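Close look at the chain arrangement
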Amino acid sequence: MLFSKILVAYDGSKASNKALDRAIEFAKVSPDAVLDVIHAFDFPRVFIGEGLAPLPPSLNNDYYNLAVQTTDEAKERIKAAGVTANVDLIQGAAAEVLLDFAKENGSDIIIIGSRGLGGIREFVLGSVSHNVVQHAQIPVLIVK
């Protein structure tokens with residue numbers, strides 16, 4: 001068994017779709033593995049000077065609805081692949097959410113997409129994937 005508890009970060013981006021595909025491949029190779037798919041979201045904050053400006057509740061509602069839609073997309077892709085997975089929507093900073101989830105649930109590996117930017121920036125990881133790599137206590141697979 002390659003990995004028994006696989007954690008994948010999913011945000012609907014092209015890179016996270018590739019990460020989900022790789023996680024599904026790992027789950028198929030190890031049928032007894034547990035696949036956890038996490039979509040971390042956070043409500044926007046707007047700072048004006050040193051203060052935090054209130055945002056209309058409808059904007060927060062829109063962010064939440066988009067997060068639910070993203071989670072539903074992951075569920076559909078997993079179902080179409082014929083794999084069983086736990087798909088969770090967790091509020092918070094993405095890197096922190098992933099690291100905490102991995103620690104609390106005994107994950108063996110974190111699979112996460114890199115950001116795909118052109119030019120010189122393609123060699124630089126996104127801030128979430130960079131943070132996860134720097135602080136994870138388990139292997140991290142970054143998918144391009």
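The structure we're discussing is the one just above.
If you're wondering where the values come from, they're calculated on a predicted model, not measured in any experiment. In every chain, residue numbers begin from 1 and rise along the written sequence. In view of the model being predicted, local features appear only for residues whose pLDDT reaches at least 70, and side-chain atom pairs are presented and counted only at 80 or more, with totals across whole chains, interfaces and linings using the full set of residues. Excluding hydrogens and water, the side-chain values take into account all heavy atoms of the structure.

The pairing criterion is simple: DSSP has to find at least two bridges between the two strands. Each helix is a run of H or I in the DSSP string that is no shorter than four residues. Each strand is a run of E no shorter than two, and both are numbered from the N terminus. The strand order across the open sheet built from five strands is 5-2-1-6-7, with neighbouring strands paired in parallel fashion. Looking at the sheet topology across the chains shown, the edges are occupied by strand 5 (86-91) and strand 7 (140-143). Strand-to-strand twist of the sheet, defined as the mean angle between neighbouring strand axes without regard to direction, takes the value 25°. Pairing of strand 1 (residues 5-9) with strand 2 (residues 34-41), which is carried by five bridges, proceeds in the parallel orientation. Only the contacting stretch of a helix is used when fitting its axis, a line to C-alpha atoms as for every element, and angles between N-to-C directions run 0 to 180 degrees.

Here, a salt bridge means any Lys or Arg side-chain nitrogen found within 4 Å of an Asp or Glu carboxyl oxygen. If you walk through the whole model with that rule in mind, you get two salt bridges. Two residues, R77 and D21, come together in a salt bridge whose shortest N-O distance is 2.4 Å. Of this pair, R77 sits in helix 2 (residues 57-81) while D21 sits in helix 1 (residues 14-29), and the two are 56 residues apart along the sequence. Of the residues examined, R77 reaches a relative accessible area of 27% and is grouped as partly exposed. R22 is the partner of E25 in a salt bridge, and the nearest nitrogen-oxygen pair spans 3.2 Å. With E25 and R22 both in helix 1 and three residues apart, this pair spans about one turn of that helix. Burial classes: relative accessible area under 20% of the type maximum marks a residue as buried, over 50% as exposed, and values in between as partly exposed (1.4 Å probe, protein chains only). Judged by relative accessible area, which is 42%, E25 ranks as partly exposed. Using a relative accessible area of 34% as the deciding quantity, one classes R22 as partly exposed.

Glancing now at the layout of surface pockets. Taken as a whole, the largest pocket encloses approximately 260 Å³ of empty space. What lines the largest pocket is a set of 19 residues, and nearest its centre among them are A9, D11, I112, G113 and V128. Only helix 1, strand 2, helix 3 (94-105), strand 6 (109-113) and helix 4 (127-135) provide two or more residues apiece to the lining of the largest pocket. When grouped by side-chain class, the residues that make up the lining of the largest pocket number nine nonpolar, eight polar and two charged. Note on definitions: the grid is 1 Å and covers protein atoms alone; a cavity is a set of points where a 1.4 Å probe fits but cannot get out; a pocket is an open set with protein on both sides within 12 Å along at least five of seven lines; lining residues have an atom within 4 Å of a point. Grid points are joined across faces, edges and corners, and a volume is the space filled by probe spheres set on the points. Note that Gly is not counted as nonpolar here; it falls among the polar residues with everything else outside the nonpolar set of Ala, Val, Leu, Ile, Met, Phe, Trp, Tyr, Cys and Pro and the charged set of Asp, Glu, Lys and Arg.

The next subject is the nonpolar core. Formed by 20 residues in total, the largest nonpolar core has its most connected members in I6, V8, L20, L35, V37, I78 and I111. At six residues, helix 1 tops the list of elements feeding residues into this core. By definition, residues are in contact when any of their heavy atoms lie within 4.5 Å. Those residues within four positions of I78 in sequence are excluded, and the remaining contacts are L20, I24, V37, V83, A85 and V87. With 14 residues, the next largest nonpolar core counts I38, A40, A95 and I110 among its residues. Within this scheme, the nonpolar core is defined by two criteria: the residues are buried Ala, Val, Leu, Ile, Met, Phe, Trp, Tyr or Cys, and they are joined through side-chain atoms within 4.5 Å.

So, about the pairing of strand 6. Within strand 6, five of the five residues are buried, which leaves the element mostly enclosed by the surrounding structure. In strand 6, alternate side chains face the same way, and those of I109, I111 and G113 on one face and I110 and I112 on the other are all buried. Sheet topology note: the strand 1/strand 6 ladder contains three bridges and is parallel. Residue pairing for strand 6: V8 is matched across the bridge by I111. In this structure, strand 6 lies alongside strand 7, joined through four bridges in parallel fashion. Paired with I112 across the strands is I142, a residue of strand 7.

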